[in-house]
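So the chains spell out like this:
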Amino acid sequence: MCEHGTNLRLTLPLTCVILEVILIILFAVLVEYDHETDAKLWHKHLLQHNDSNYNNDFYYRYPSFQDVHVMIFVGFGFLMTFLQRYGFSSVAFNFLIAAFALQWATLMQGFFHGMHGGKIHIGVESMINADFCTGSVLISFGALLGKTSPVQLLLMAVFEVTLFATNEYILLSILQAKDAGGSMTIHTFGAYFGLVVARVLYRPQLDKSKHKNCSVYHSDLFAMIGTIYLWMFWPSFNSAITAHGDDQHRTVMNTYYSLAACTLATFAMSSLVGPGGKLDMVHIQNAALAGGVAVGTAGEMMLTPFGSMAVGFLAGTISTLGYKFLSPVMEKKLKIQDTCGVHNLHGMPGILGAVVGAVTASLATREVYGDGSDVFPEIYAGNFSASEQGVRQAISLAVTLGMALVGGVIVGFILKLPIYSGPPDTICFEDAIYWEVPGEMESQEELGTVMSEEVQKPLNS
Amino acid sequence: MCEHGTNLRLTLPLTCVILEVILIILFAVLVEYDHETDAKLWHKHLLQHNDSNYNNDFYYRYPSFQDVHVMIFVGFGFLMTFLQRYGFSSVAFNFLIAAFALQWATLMQGFFHGMHGGKIHIGVESMINADFCTGSVLISFGALLGKTSPVQLLLMAVFEVTLFATNEYILLSILQAKDAGGSMTIHTFGAYFGLVVARVLYRPQLDKSKHKNCSVYHSDLFAMIGTIYLWMFWPSFNSAITAHGDDQHRTVMNTYYSLAACTLATFAMSSLVGPGGKLDMVHIQNAALAGGVAVGTAGEMMLTPFGSMAVGFLAGTISTLGYKFLSPVMEKKLKIQDTCGVHNLHGMPGILGAVVGAVTASLATREVYGDGSDVFPEIYAGNFSASEQGVRQAISLAVTLGMALVGGVIVGFILKLPIYSGPPDTICFEDAIYWEVPGEMESQEELGTVMSEEVQKPLNS
Amino acid sequence: MCEHGTNLRLTLPLTCVILEVILIILFAVLVEYDHETDAKLWHKHLLQHNDSNYNNDFYYRYPSFQDVHVMIFVGFGFLMTFLQRYGFSSVAFNFLIAAFALQWATLMQGFFHGMHGGKIHIGVESMINADFCTGSVLISFGALLGKTSPVQLLLMAVFEVTLFATNEYILLSILQAKDAGGSMTIHTFGAYFGLVVARVLYRPQLDKSKHKNCSVYHSDLFAMIGTIYLWMFWPSFNSAITAHGDDQHRTVMNTYYSLAACTLATFAMSSLVGPGGKLDMVHIQNAALAGGVAVGTAGEMMLTPFGSMAVGFLAGTISTLGYKFLSPVMEKKLKIQDTCGVHNLHGMPGILGAVVGAVTASLATREVYGDGSDVFPEIYAGNFSASEQGVRQAISLAVTLGMALVGGVIVGFILKLPIYSGPPDTICFEDAIYWEVPGEMESQEELGTVMSEEVQKPLNS
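Residues numbered from 1 in each chain as written. Chains lettered and ligands numbered in written order. Predicted model: local features only at pLDDT ≥ 70, side-chain atom pairs only at ≥ 80, totals over all residues. Heavy atoms only, no water.

Chemist: It is not clear to me how the relation of the copies chain A and chain B should be interpreted in this structure. Could you clarify?
Modeler: Put simply, the second copy of the chain is the first one after a rotation about an axis and a shift along it. Mapping chain A onto chain B is achieved by rotating through 120° and translating by 0.0 Å along the same axis, at an RMSD of 0.0 Å. Read as a symmetry element, the transformation amounts to a three-fold axis. For chain A, the minimum C-alpha distance to the rotation axis belongs to Pro63(A) and amounts to 3.9 Å. (Least-squares fit on C-alpha atoms with pLDDT ≥ 70 in both.)

What follows is the structure in structure tokens.
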């Protein structure tokens with residue numbers, strides 16, 4: 001097929017090998033098993049506390065972790081295969097970036113949150129957090145899909161993970177905000193960071209690749225694999241690192257009902273605004289997930305089931321309308337080419353989630369939470385009032401937006417340098433530039449001929 | 001492509017919005033967190049019982065719930081994508097109906113089973129039950145696939161969920177029957193309800209859409225995603241709400257072996273009856289699952305591993321033969337157009353499962369179950385003899401069939417009104433009537449041309 | 001399409017029915033619920049030990065089991081769908097063989113490991129082990145893909161499971177080697193057994209089917225479903241039967257980091273050796289998984305996170321280079337036609353894993369493991385020195401290779417008999433020989449015509 005002269009052979013191996021060697025060295029110097037994964041420490045713990053192996057936190061976090069893991073690799077990966085000729089890149093670059101980012105996130109998050117005597121201690125909880133941070137990078141990837149090389153994406157991950165960890169530290173540790181499902185830290189940050197990078201990397205001639213920037217029948221079905229997995233496991237995502245017990249249980253339930261209501265809103269709006277009342281797969285694939293994003297902050301709070309449903313319904317509505325009316329405007333007026341519409345799926349619903357979180361927090365009372373001190377420990381301890389918690393949540397949103405915008409501009413300009421084997425405007429959204437792409441299936445007629453010739457010969461080996 | 005004048009733009013948004021608003025209002029009035037999801041109640045429980053967060057039932061039900069959830073959304077959804085031009089509708093209408101039904105089922109089942117002081121208390125167990133009820137609706141959807149609008153399907157769900165909850169209440173609470181995996185409540189009910197609706201909605205001119213009522217190569221592979229997930233997670237389905245401990249463990253194992261034996265029977269029968277001994281994907285996709293249906297009642301009982309295998313083998317055999325010989329007769333003689341063959345996968349195996357359950361129950365002895373009082377608490381308490389339990393199981397089957405048949409007739413006639421944007425006989429099994437369908441991939445030749453033109457230009461962004 | 005005269009109608013039903021009947025009889029005679037799945041025994045246990053249902057091992061093994069189960073049926077099944085015209089056979093024969101092998105493995109492994117008073121006791125742990133043994137058969141299947149009938153594959157499974165159980169017994173019980181993730185027992189054994197069988201079944205005229213022995217665009221995406229699931233759940237695979245507590249937790253983490261590093265190595269190498277620096281889907285689909293294989297033995301040991309990453313990086317490198325340079329040589333010089341390249345994914349990484357395990361074991365000290373006696377109970381008890389454990393690990397690798405080679409030759413010759421409905425050289429890699437294959441989707445133009453005719457008619461049912 002096409003033989004392009006990108007210098008991927010030089011840049012990609014070099015980038016991967018250098019990054020991985022640095023990671024291995026830093027892990028060797030800095031990273032240790034925590035007391036639940038270290039043979040010696042855990043057995044010491046068992047003896048000292050007369051504890052049981054069944055109480056290793058592994059058993060209470062790992063199923064959630066695996067669900068999150070599926071969302072990161074299958075969910076995000078296949079959601080982006082909707083493009084007709086970019087399926088290899090979608091699922092495989094997603095795979096590459098995520099595999100890198102989770103290692104790098106272990107270090108960055110460990111540096112900010114998990115240092116013990118100069119060492120980063122790791123276990124299942126740090127694995128979940130690393131996957132979360134990775135999710136943020138993949139959201140940004142969604143805005144850039146089809147227009148960037150794997151080298152650019154790896155480089156973006158280096159910077160974005162660092163900024164993510166910084167922002168997360170400010171929100172959770174300094175501001176004492178709550179954001180278990182990452183409406184702010186993951187979705188708002190990832191979306192606006194990616195949108196700003198997309199703005200900086202604006203391609204005025206992108207319409208030369210326009211005919212490839214759309215789906216075909218089968219690619220839309222592959223994308224639905226991603227959608228459905230994201231939808232099903234979002235309750236695990238939002239609850240994966242909440243406190244054990246009622247918190248985790250409640251977060252799951254709130255997310256479950258929010259998503260269900262969001263789905264009905266999405267179908268309603270999609271048909272309402274579609275030509276001839278017809279549904280649009282883009283809406284179903286994406287907007288039906290906005291309900292998970294929108295309860296990312298408040299999911300662990302006493303949001304009530306009907307509150308979750310109302311939030312989900314609103315999120316699905318906003319998101320679908322965003323795809324229909326806002327995205328074209330953003331591309332035309334703001335010059336933001338947002339391939340996957342992450343603004344509609346993660347951006348606006350993320351902000352909605354942050355606001356819902358702030359409001360719900362500011363309404364927290366002892367009467368409702370009783371001794372359930374895990375959700376708002378500072379309020380419970382009497383250090384904050386509920387309204388102060390609400391204000392801190394709101395400030396957190398502002399900080400996140402600021403970090404994303406400033407960070408995105410800087411990283412965008414770094415990625416603009418013409419040294420990363422990026423695709424030309426004429427061959428965007430096209431696997432063949434980075435992949436050895438196989439041919440299509442031989443037609444049935446040819447097969448038929450072959451068969452009828454073969455059928456004369458004796459069979460059986 | 002085609003621009004049909006269905007009034008979906010009117011009916012679908014209206015239906016979705018009205019239903020969801022009603023749901024939100026009813027949830028606001030009626031639904032509360034249960035003591036394991038409510039911050040205050042759970043922490044009170046912890047203090048009073050000196051209990052640990054690790055003993056929240058969440059940790060002992062949620063992994064099973066997630067497996068069931070995958071079956072409902074990926075399993076049922078993709079199993080139905082086998083049609084060549086109905087993949088969007090299959091997976092997305094499945095998604096829509098399920099998202100609605102699980103909310104409505106929470107209310108209906110809560111009304112019958114879970115009222116506490118005028119409120120419905122919800123937690124992970126109610127979520128599993130809601131998914132179960134949803135499964136029943138999706139089975140009925142299988143019989144109607146390709147011939148009904150999403151509005152009809154939502155309306156059907158409204159009624160079917162209500163009937164399901166009523167039937168379930170009669171069986172489990174009044175008759176004290178056992179049916180953890182739902183051979184009767186889910187499979188028999190869902191299948192015969194759907195078949196009767198299909199009979200009432202009989203389309204004499206459906207052969208005008210015949211050329212679309214079949215699979216293509218790729219659509220069969222998408223369907224296998226559904227099959228395999230259903231097959232793998234069926235042990236979780238049958239055990240999701242059994243008693244903890246040996247019950248859940250045993251149910252998983254019985255289902256595992258039943259399905260394995262069923263698979264061998266399916267391949268054997270498919271080759272035996274196929275033209276030239278060739279296998280038929282329809283059989284593999286469906287009949288191999290019958291073993292899970294057939295131990296839906298007896299799976300939690302002391303069925304023994306070899307007993308499970310024998311039941312599974314029988315189920316696979318019946319189901320495959322049903323697809324081959326019974327379905328054509330049912331369509332021709334009984335005018336039942338059963339798109340997915342739910343009679344073979346859920347109907348007959350469901351009845352088989354009910355019978356096996358009745359027989360196994362009637363053989364229960366103290367010698368076999370010891371103090372394992374969870375399976376048959378009434379026998380253990382001396383309230384019933386084993387044979388009475390068996391009789392009650394048999395009566396339950398009869399009640400289920402009666403409810404399904406009568407309910408199906410009534411609902412069928414309601415759905416027959418010409419106001420739901422249903423497809424005409426000539427455009428059944430066709431996505432384009434409800435969806436904006438993208439084109440097919442541009443041919444390789446065109447791509448090749450584009451590429452060779454582009455390759456002259458300088459690369460690298 | 002093609003109507004071949006294979007005698008599958010005779011051989012396949014006969015084989016399936018005979019095998020399943022034998023299985024049912026042997027299960028009836030030999031297999032019993034263990035004390036955690038038997039109602040009477042478990043309740044006796046509860047009373048005697050004042051224990052809780054929550055301590056049934058089900059809750060601490062079943063989530064891992066389900067992940068392994070997904071790897072066996074979705075992972076292996078879809079990984080092999082990369083061939084353009086062999087998707088039905090890949091996923092469905094995988095399904096058939098696995099369904100048989102797990103039953104047979106229950107008996108064979110029970111015979112060697114789990115006899116209690118003349119009975120085989122089964123529970124979730126035996127289910128995991130049965131799935132593991134099945135994995136080994138599926139690896140061998142990978143080498144033979146497209147060239148063997150389902151009858152041959154079932155027969156191979158009969159023998160291979162038996163040999164697997166024998167080898168496993170020698171390694172784990174006699175030699176007291178450690179191999180929780182099966183670098184030796186599963187991967188090395190399965191790969192070399194399959195390669196030897198492929199050698200014996202060498203087809204000199206296979207290039208007559210060469211045009212079908214490659215992928216198309218969509219088949220590569222289906223294969224990526226398999227890849228990603230294997231990759232995500234490999235941590236569960238390696239940890240599924242390790243000791244509870246820190247062991248399981250640590251194994252998961254080591255595997256997670258090994259795979260991440262392996263993925264970067266794979267992308268680097270694939271681009272480095274690809275024409276024009278382009279990536280090859282075959283490498284990404286397969287070599288990125290080698291990191292899981294390579295920590296199959298040492299994963300439960302105190303390998304350290306950076307150690308795991310280094311091993312993974314090495315495995316990805318070796319595996320990718322194997323696909324590029326070694327496989328063509330093996331086919332040409334050694335006459336081994338290894339369809340899926342199992343030598344590169346399971347063979348070499350398996351040996352690497354065995355060596356890493358031997359070295360890591362020989363370095364075990366009390367200072368590192370403390371009272372963590374589960375990993376090396378014999379060293380802890382003072383029965384072995386660490387270096388003796390290392391030597392036993394090395395001997396285990398040699399035994400495994402010997403068993404695989406000798407067993408493979410014998411079984412290969414048995415499978416060579418011309419009575420199993422195998423495909424001729426001209427119709428290898430082709431579903432149509434065993435399946436009723438549907439046509440392709442009608443072209444858009446035809447559809448368009450149909451539509452425009454239909455659009456005139458009144459709509460609405």
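Chemist: Whenever I open this one, the relation of the copies chain C and chain A confuses me. Can you help?
Modeler: The transform that puts chain C on chain A rotates by 120° and translates by 0.0 Å along the axis, for an RMSD of 0.0 Å. Of all interface residues in chain C, a mere 18% are interface residues in chain A too; the two copies therefore contact each other through different surfaces. (Contact = heavy atoms within 4.5 Å.)

Chemist: Would you explain the sheet that holds strand 3 (residues 119-122) of chain A in this entry?
Modeler: Note: strands within a sheet are paired through backbone hydrogen bonds, in either parallel or antiparallel orientation. Residue and element names in this part refer to chain A. Spatially, 1-3-2 is the arrangement adopted by the three strands of the open sheet, whose pairing is mixed. The sheet terminates laterally at strand 1 (31-33) and strand 2 (115-116), the two strands that pair on one side only. Bridge count for strand 1 against strand 3 is three bridges, and the pairing is parallel. Within strand 3, the residue paired with Val31 across the bridge is Ile120. This element, helix 1 (residues 8-30), spans strand 1 and strand 3 of the sheet and lies at about 60° to strand 1. (Pairing = 2+ DSSP bridges. Helix = DSSP H or I, 4+ residues; strand = E, 2+ residues; numbered from the N terminus. Axes fitted to C-alpha atoms, helices over the stretch in contact; angles between N-to-C directions.)

Chemist: I tried to follow the environment of Ala315(A) on my own but got confused; where do I start?
Modeler: All names here are of chain A. Mapped onto the secondary structure, Ala315 falls in helix 12 (residues 305-333). When its relative accessible area of 1% is taken as the criterion, Ala315 is described as buried. Expressed as a C-alpha distance, the spacing of Ala315 and Asn344, which sit 29 residues apart in the sequence, is 9.3 Å. Once residues lying within four places of it in the same chain are set aside, the contact partners of Ala315 are Ala290, Gly291, Ala294 and Leu352. (Buried < 20%, exposed > 50% of the residue type's maximum accessible area, 1.4 Å probe, protein only.)

Chemist: Before we go on, may I ask you to explain the environment of Tyr60(C) in this structure?
Modeler: Among the structural elements, Tyr60(C) can be located in helix 3 (residues 58-79). Sequence-wise, Tyr60(C) and Lys40(C) are 20 residues apart; in three dimensions their C-alpha atoms are separated by 21 Å. Setting aside its immediate chain neighbours within four residues, Tyr60(C) contacts Tyr54(A), Tyr59(A), Tyr60(A), Tyr60(B), Tyr54(C), Asn55(C), His244(C) and Gln248(C).

Chemist: Explanation requested: the interface of chain A and chain B in the structure shown.
Modeler: As a measure of interface size, the accessible area lost when the parts come together is often cited. Taken residue by residue, the interface counts 94 residues in chain A and 90 residues in chain B. Buried area between chain A and chain B, summed over both chains or domains, comes out near 8200 Å², and the portion from carbon and sulfur atoms is 69%. At the junction of chain A and chain B, the tally comes to zero salt bridges. Our enumeration of links across chain A and chain B arrives at 29 residue pairs in polar contact (both at pLDDT 80 or more). For the side of chain A that touches chain B, the secondary structure elements donating two or more residues are helix 3 (58-79), helix 8 (217-239), helix 9 (246-273), helix 10 (281-286), helix 12 and helix 14 (366-369) of chain A. Per-element accounting of the side of chain A that touches chain B gives the leading share, 18 residues, to helix 9 of chain A. Of the residues that constitute the side of chain A that touches chain B, the class distribution is 50 nonpolar, 28 polar and 16 charged. (Buried area = accessible area lost by both parts, 1.4 Å probe. Salt bridge = Lys/Arg side-chain N within 4 Å of Asp/Glu carboxyl O. Polar contact = N/O pair within 3.5 Å; in protein donor to acceptor, adjacent residues only side chain to side chain. Nonpolar A, V, L, I, M, F, W, Y, C, P; charged D, E, K, R; others polar.)

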